[in-house]
Amino acid sequence: MNRIYSIAFLLGFFMCHFVWGNHSEFLLKMQYELLFKSKDTSLLHPLIIAPAIGELVLLISLFKPKKKLILFGMILLAMLVLFVFLAGIFGGQTKMIVSTLPFILTSLSFIRNYKKLD
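The present account deals with the structure reproduced in this document. As the structure is a computational prediction, the values presented were derived from the model and not from experiment.

Definitions and limits used
- Residues numbered from 1 in each chain as written.
- Predicted model: local features only at pLDDT ≥ 70, side-chain atom pairs only at ≥ 80, totals over all residues.
- Heavy atoms only, no water.
- 1 Å grid on protein atoms, 1.4 Å probe; cavity = no way out; pocket = protein on both sides within 12 Å on 5 of 7 lines; lining within 4 Å.
- Points joined across faces, edges and corners; volume = space filled by probe spheres on them.
- Helix = DSSP H or I, 4+ residues; strand = E, 2+ residues; numbered from the N terminus.
- Axes fitted to C-alpha atoms, helices over the stretch in contact; angles between N-to-C directions.
- Parallel < 35°, antiparallel > 145°, perpendicular 65-115°, else oblique.
- Left-handed = near helix turned anticlockwise from the far one by under 90°.
- Contact = heavy atoms within 4.5 Å.
- Salt bridge = Lys/Arg side-chain N within 4 Å of Asp/Glu carboxyl O.
- Buried < 20%, exposed > 50% of the residue type's maximum accessible area, 1.4 Å probe, protein only.
- Expected span 1.5 Å × (residues − 1).
- Phe/Tyr/Trp six-rings, centres within 6.5 Å; stacked < 30°, edge-to-face > 60°.
- Lys NZ or Arg CZ within 6 Å of the ring centre and 35° of its normal.

### Section: the layout of surface pockets
Each pocket or cavity is described by its volume, and for the largest pocket that value is around 440 Å³. Leu27, Leu34, Leu47, Ile48 and Leu80 are the residues nearest the centre of the largest pocket, which is lined by 19 residues in total. Put simply, the parts of the chain that give the lining of the largest pocket at least two residues each are α2 (27–36), α3 (46–63) and α4 (67–91). Broken down by element, the residue count for the lining of the largest pocket peaks at seven residues, all from α2.

Rendered as structure tokens:
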């Protein structure tokens, strides 16, 4: 069950959809562009580093499924997901709000079942 949560968190995170002005992109595409096309030092921003560490932790938890690792990875990813969710609410962007719901619902399920997980 722990591996399923790790995969669900990663998929839910990559499904986040950003909308700003006339532009919109999924997180997966934005991450690719930041990592492979950017020559800027913007990679040092906390909203980029924390989720990247969270992704690595969740990838590690696929091989060593421990609920504390998954919780740590979820928290690091949730920082950006909740930011996107709030931006969607304040900006009236339905796509942004809906795209974060899979991650948020998976997080609520994980937290609810945390003590039951092995």
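Next comes the rest of the write-up.
### Brief notes about the packing of helix α1 (residues 2–14) against helix α5 (residues 94–112)
Interaxial distance between α1 and α5 falls to 8 Å at its minimum, and their mutual angle equals 155°. By the angle class used here, α1 and α5 are roughly antiparallel. Relative to α5, the crossing made by α1 is left-handed. Taking contact as the criterion, the partners of Tyr5, Ala8, Phe9, Gly12 and Phe13 in α1 are, on α5, Ser99, Phe103, Thr106, Ser107, Ser109 and Phe110.

### Brief notes about the pattern of salt bridges
Taken as a whole, this structure holds one salt bridge when the rule is applied. With its nearest N and O atoms 3.9 Å apart, the salt bridge here joins Lys29 to Glu33. Remark: Glu33 and Lys29 occur in helix α2; sequence separation between them is four residues, near one turn of the helix. When its relative accessible area of 46% is taken as the criterion, Lys29 is described as partly exposed.

### Points about α1
When the terminal C-alpha atoms of α1 are compared, their 19 Å separation across 13 residues agrees well with the 18 Å that a helix rising 1.5 Å per residue should span. Here the buried face of α1 lies against α2, α3, α4 and α5.

### Observations concerning α5
For an α-helix, 3.6 residues make a turn, and residues three or four places apart therefore share a direction. Helix length check: α5 (19 residues) gives 26 Å between terminal C-alpha atoms against 27 Å at 1.5 Å per residue, within 8%. The set of residues buried in α5 consists of Met96, Ser99, Thr100, Phe103, Ile104, Thr106, Ser107 and Phe110. On its buried side, α5 packs onto α1, β1 (17–20) and α4.

### Concerning the packing of aromatic side chains
A complete count under the given rule lists six aromatic pairs for this structure. Seen in terms of ring centroids, Phe13 and Phe14 are 5.9 Å apart; in terms of plane orientation they differ by 55°. Their pairing is tilted. Aromatic pair Phe110 and Tyr114: ring centres 5.7 Å apart, planes at 75°, arrangement edge-to-face. Members of the aromatic cluster, each reached through a chain of ring pairs, are Tyr5, Phe9, Phe103, Phe110 and Tyr114. Seen from the ring of Tyr114, Lys67 lies directly overhead, with NZ or CZ sitting 4.6 Å from the centre.

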